Amino acid sequence: MEQMSYDLQSSGPLKGGVLESASKRVRMIFSVMASPNRIDILRILNTKGPLTYSELKALAGFKSKKESGKFAYHLRKLLRQLLVALNKAERRYTITNLGKLVLSLARQIEERSIIESGKMYVRTSRHTIEEFNSHKIIQSLVREANLPLEQAHKITEEVENKIYKFQTAYLTSSLIRETVNSVLIEHGHEEYRNKLACLGLPSSDIVEMLSSDEATRNGIDGIMSRTASSVFSKYLIFNTLPKDITDMHLAGEINISNSGVWGLLPDTVFLDLAELEGLDLQGRLLSVARLPAIKSPDDVAAALPVLISLLSREASTEVVLEGVVPALVKSSSTQDDIVSRFARALATSSGAPSSPVITTTIAVPADGLDVKQVNALLDGYRKYVDATPVPRIGLALSYSSNGNRMMKDSLDHVTAAVRSGGIISIGNNNNVRASSGIRKSVSGSSNKGAAAAMALHSLSINLPRLAYESNKDETYFRAKLALMIKPSLATMAMRKKTIVDYVKKGLMPAFASTSQSMQRGTSSIMINLTGTKESVYSILGHDASGGSEILQKVLRTAAEVAAAQGNQLGEEAAGIAMVSDDSGVRFAGLDSEKYGKVSLLQLQNTTSYSQGMTINGRQLLLGGKAAAVHECAAIDRLLNGGFAAGLDVTDLSATEARSAIEAAAELPFLRPRIRAVVCTTCGRRSKAATADKCEFCKSQHSMPIYS
Ligand SMILES: [Zn+2]
């Protein structure tokens, strides 16, 4: 039969007749398509496979007896036009190939008509509903991703086809963006996709965040800043940083701290307010009143909370305020007056726990204070510390050589403030430093007297990793370190340019007013070194006697490379630092995974690599003084960016702690510290983790802190 009809079709005289009957068939089929019920039946058979009469009838929605006739009528039409076939043996209906063709045609017509009528609507993140318009996709591809127009057309066409196939999808702009990105990836356009990628949070992360106590503890600000941080952190890691730096960070060779604000704000900011004629925000922050010149204690008391609340948004790690404390003291009538004024000013100035440390400096005797006044300030500070679960305000005492005697007369008060859990640092030679040990100006640079300075230092290098990979070869180790400093410093120089630009645009109004948009401001870039002790002593295998020399050699190399690289980059103030950040814990964790439990960490019962350098108070008293203090002094000279020599006095009595501080205070910079735990239920602080429960309220929820 088939053969015959084929012959018939190809023979001339009968052709017209065949065409005529074919066009009649088409008309008949179109009439079948005219009923949505019949298209429905075809769709059901297409997706479910062969069905019995009653199954098909039920699925097609003809449920009542009354509708039986209707259903039979539609099915008969479909059978007659050969769109559906009945398998007699099985008593089941199936869709034929012709039926499938008709169904697909119906779908295409439907899609086209939606396009033609413009009935597809997009819900946008700008809170609007707009008609779908493929031209907008082309525009984004060209504008946002710089895709060549021709390619943009091609990609868009594919995206359009996909979107029409979604049919019932609730069309949103993010769905369109996802579709565009998946098409870009299918075509190998990874770079373009990265530019178009949306940097938001998965909704599950938001649900999780809102149900976590830790995230909600700091109120709405905490949640908002967490969310924003995540977006800017992704923007930094995947869109801004050079690829090699991103990979070094992800691999744990380097660490970028505070990635949420890394590309927006400096890490440490220094402001000298001594000669400031009031902080004029010049319309930069319209909601804040012009601050009066700080001339009397009352001015300080009024200005300090505003200043601190403004400035804590302008640095990621620390804000150092010079000249505030002396003004507060100058016309206070009595010692008691100073104590209570200072305590009150600090208490009303405290910011959120996640905000940067605010350090107020006292230069002795440069600030013109006598011993009694300094001691009164220390007592006032201690009062603030005692009343605050996690103090975020620090006191930096710096003594010039002729101030040393005065330091001895303040030792009892210093010790008491330290033992309370205060953030106290003691410096010599009136060098301004942050509580972290970061210098206001890289030594050797000409930045010294600036009214405003910013230091960028939150990029740390994992030295133990370098040591592991250097086969115990110290020369190779130093060469690798040099290779790492170069791209890191170049990245910091880039970062500096961006941030200085943001200052000019108004992202840091308080800093900008003080530095007058960097005219009077300076900036320095630094690379931080983490795990120096572990890398030299444990991994490279040097003993205590030879190790100290090797360590200094390593640091000298680092400082030289940084200076040379800084020169090349046109950065006068480029240096090396050894201070604490969050890289110690991260590096130690990653290396433990990579190399198995890092034995040196197990030995010391810690989960962090060393940062800065810590002198054990007890050992110092037992006669280890000369070696430890000597080594720290030598390192301090080498590290032009900053260095924190810590002194742990946790386990010492008041008298012992006093002696230890006195012995170490000859260092250029010293941070005496204690370990403590804060109860997160009642907010009170206990000395160390002696018991599982809070000694005041018996709560078991606590948080360790290291002052
Ligand atoms: Zn408690």
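Here's a quick rundown of the structure.

Procedures and definitions
- Residues numbered from 1 in each chain as written.
- Predicted model: local features only at pLDDT ≥ 70, side-chain atom pairs only at ≥ 80, totals over all residues.
- Heavy atoms only, no water.
- Pairing = 2+ DSSP bridges.
- Helix = DSSP H or I, 4+ residues; strand = E, 2+ residues; numbered from the N terminus.
- Axes fitted to C-alpha atoms, helices over the stretch in contact; angles between N-to-C directions.
- Parallel < 35°, antiparallel > 145°, perpendicular 65-115°, else oblique.
- Left-handed = near helix turned anticlockwise from the far one by under 90°.
- Contact = heavy atoms within 4.5 Å.
- Salt bridge = Lys/Arg side-chain N within 4 Å of Asp/Glu carboxyl O.
- Buried < 20%, exposed > 50% of the residue type's maximum accessible area, 1.4 Å probe, protein only.
- Donors = N, O, S within 2.8 Å, 3.2 Å for Na, K, Ca; no water.
- Tetrahedral: all angles 85-135°; square planar, octahedral: opposite > 155°, others 65-115°.
- Phe/Tyr/Trp six-rings, centres within 6.5 Å; stacked < 30°, edge-to-face > 60°.

Hydrogen bonding along the main chain pairs the strands of a sheet, whether they run parallel or antiparallel. Across the sheet, which stays open at both edges, the three strands sit in the order β20-β19-β21 with antiparallel pairing between neighbours. At either margin of the open sheet sits one strand with a lone partner, and together these are β20 (685-686) and β21 (702-706). Pairing of strand β19 (residues 675-679) with β20 involves two bridges; the strand directions are antiparallel. Bridge pairing in β20 places V677 opposite S686.

It is worth spelling out the packing of helix α14 (residues 243-251) against helix α22 (residues 474-505) at this point. Their axes nearest at 10 Å, the elements α14 and α22 cross at an angle of 115°. The angle between α14 and α22 falls in the class roughly perpendicular. Judged by the twist between their axes, the crossing of α14 over α22 is left-handed. Touching D244, I245 and M248 of α14 are M484, P487, S488 and T491, all from α22.

Time to look at the pattern of salt bridges. If the charged atoms of two oppositely charged side chains come close together, the side chains can form a pair. In total, this model carries 18 salt bridges according to the counting rule given. Note that E55 and R92 form a salt bridge whose closest N and O atoms lie 3.6 Å from each other. Highlighted residues: E55 in helix α4 (residues 53-59) and R92 in strand β2 (residues 92-95), separated in sequence by 37 residues. On the accessibility criterion, E55 (34% relative accessible area) is partly exposed. Between K440 and E322 there is a salt bridge; the shortest N-O distance is 2.9 Å. Of this pair, K440 sits in the loop between β10 (423-428) and β11 (452-456) while E322 sits in strand β7 (residues 318-322), and the two are 118 residues apart along the sequence. For the pair K440 and E322, one class covers both residues: buried.

The coordination sphere of the zinc ion contains the protein donors C679 (SG), C682 (SG), C694 (SG) and C697 (SG), at a distance range of 2.3 Å. If you look at the zinc ion, its four donor atoms make angles of 105 to 114° with each other, and the shape they trace is tetrahedral. The sequence pattern formed by the donor residues of the zinc ion is C-x2-C-x11-C-x2-C. Separated by 18 residues along the polypeptide, C679 in strand β19 and C697 in the loop between β20 and β21 bring together distant segments of the chain. Take C679: its relative accessible area is 3%, and that puts it in the buried class. Residue C697 is classed as partly exposed on the basis of its relative accessible area of 29%.

All right, on to the packing of aromatic side chains then. Enumeration over the complete set of coordinates arrives at six aromatic pairs. On the numbers, 6.3 Å between centres and 55° between planes, the contact of Y53 with Y93 is tilted. Of this pair, Y53 sits in helix α4 while Y93 sits in strand β2, and the two are 40 residues apart along the sequence. According to the relative accessible area criterion, Y53 is partly exposed, its value standing at 33%. Residue class for Y93 comes out buried when judged on its relative accessible area of 8%. Here F62 and F71 contribute two aromatic rings whose centre-to-centre distance is 5.4 Å and whose plane-to-plane angle is 45°, an arrangement assigned as tilted. For F62, a relative accessible area of 5% translates into the label buried. With a relative accessible area of 0%, F71 lands in the buried category. An aromatic cluster is built from Y53, F62, F71 and Y93, whose rings are joined through pairwise contacts.

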